[in-house]
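A closer look at the structure
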Amino acid sequence: MTSRRSHAHLRPSPETSSQPLPSTARELFDALPQLPGLRTEIINGRLIVSPVGTPEHGWLAMLLAYELHPLIMRNGWRSYTGNVDVCIDGPRDPVEPDFVLARVDCPRWGARELLSSGLLMVAEIVSPGSVTDDRDASPTSTPPVASR
């Protein structure tokens, strides 16, 4: 899940100095300011911060959407290549997959988070620096669509 919040000062202010520090990955995630050029996700209770994908990364996700386009249109589904978060049912831990295929009536949690129970397909474009998390640790782990 990419943080979309506005920039924040990282110094305590009089308003925040008395507030407790975040005690869970989700609390820390929710407290983070926008981190330009970085992608933040919670995977198995760990806060993961990594660089956003390259143009080639996005291109591969778009190729997948292009190949599935006739099926998507025929069934009235929705496909997303970024700009959507998936909340895993239960803990509602957010992840931002590279490709998501959902029914038009997919349940949501918040403005940009789709609940995993309403998804048809989730895919990750695996990068060299994210192989372990994408293939082994991610709750969306399945055989990869593409590897770079």
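Data block above holds the structure.
Below is a short write-up of the structure. (Residues numbered from 1 in each chain as written. Predicted model: local features only at pLDDT ≥ 70, side-chain atom pairs only at ≥ 80, totals over all residues. Heavy atoms only, no water.)

**Considering the overall build of the chain**
Scanning the chain from N- to C-terminus turns up 3 helices and 10 strands. Secondary structure of the chain in N-to-C order comes out as α-β-β-α-β-β-β-β-β-β-β-α-β. Within the chain, the proportion of its 148 residues that are buried is 37%. For the chain, long-range pairs separated by at least 24 residues make up 49% of all intrachain contacts whose partners lie at least 6 apart in sequence. Accessible surface, the chain: about 8,800 Å² in total, of which carbon and sulfur atoms supply 58%. (Helix = DSSP H or I, 4+ residues; strand = E, 2+ residues; numbered from the N terminus. Buried < 20%, exposed > 50% of the residue type's maximum accessible area, 1.4 Å probe, protein only. Contact = heavy atoms within 4.5 Å. Areas by Shrake-Rupley, 256 points an atom, 1.4 Å probe, with all protein chains shown as cover.)

**Considerations on the pattern of salt bridges**
As enumerated under the stated definition, the model contains 2 salt bridges in all. Across the salt bridge formed by Asp85 and Arg112, the nearest N and O atoms sit 2.6 Å from each other. Of this pair, Asp85 sits in strand β4 (residues 85–87) while Arg112 sits in the loop between β6 (99–102) and β7 (113–115), and the two are 27 residues apart along the sequence. Note that Glu96 is salt-bridged to Arg112, the shortest N-O span being 3.9 Å. Here Arg112 lies in the loop between β6 and β7 and Glu96 lies in the loop between β5 (94–95) and β6, a separation of 16 residues in the sequence. Exposure remark for Glu96: the relative accessible area of 8% places this residue in the buried category. (Salt bridge = Lys/Arg side-chain N within 4 Å of Asp/Glu carboxyl O.)

**Side note on the sheet that holds β5**
Each strand in a sheet pairs with another by means of backbone hydrogen bonds, the pair being arranged parallel or else antiparallel. Pairing is mixed across the open sheet formed by 3 strands, whose spatial order is β5-β4-β7. Strands with a single pairing partner mark the edges of an open sheet, and in this sheet they are β5 and β7. Bridge analysis of β4 against β5 gives 2 bridges, and the strand direction is antiparallel. Residue pairing across strands places Val86 opposite Val95, the latter belonging to β5. (Pairing = 2+ DSSP bridges.)

**A closer look at the sheet that holds strand β8 (residues 119–123)**
One open sheet accounts for 3 strands, arranged β3-β6-β8; its pairing is antiparallel. Because the sheet does not close on itself, it has two edges, and the strands there are β3 (78–80) and β8. Mean inter-strand twist for the sheet, computed between neighbouring axes without regard to direction, equals 10°. Of the strand pairs in this sheet, β3 and β6 are connected by 3 bridges, and their pairing is antiparallel. (Axes fitted to C-alpha atoms, helices over the stretch in contact; angles between N-to-C directions.)

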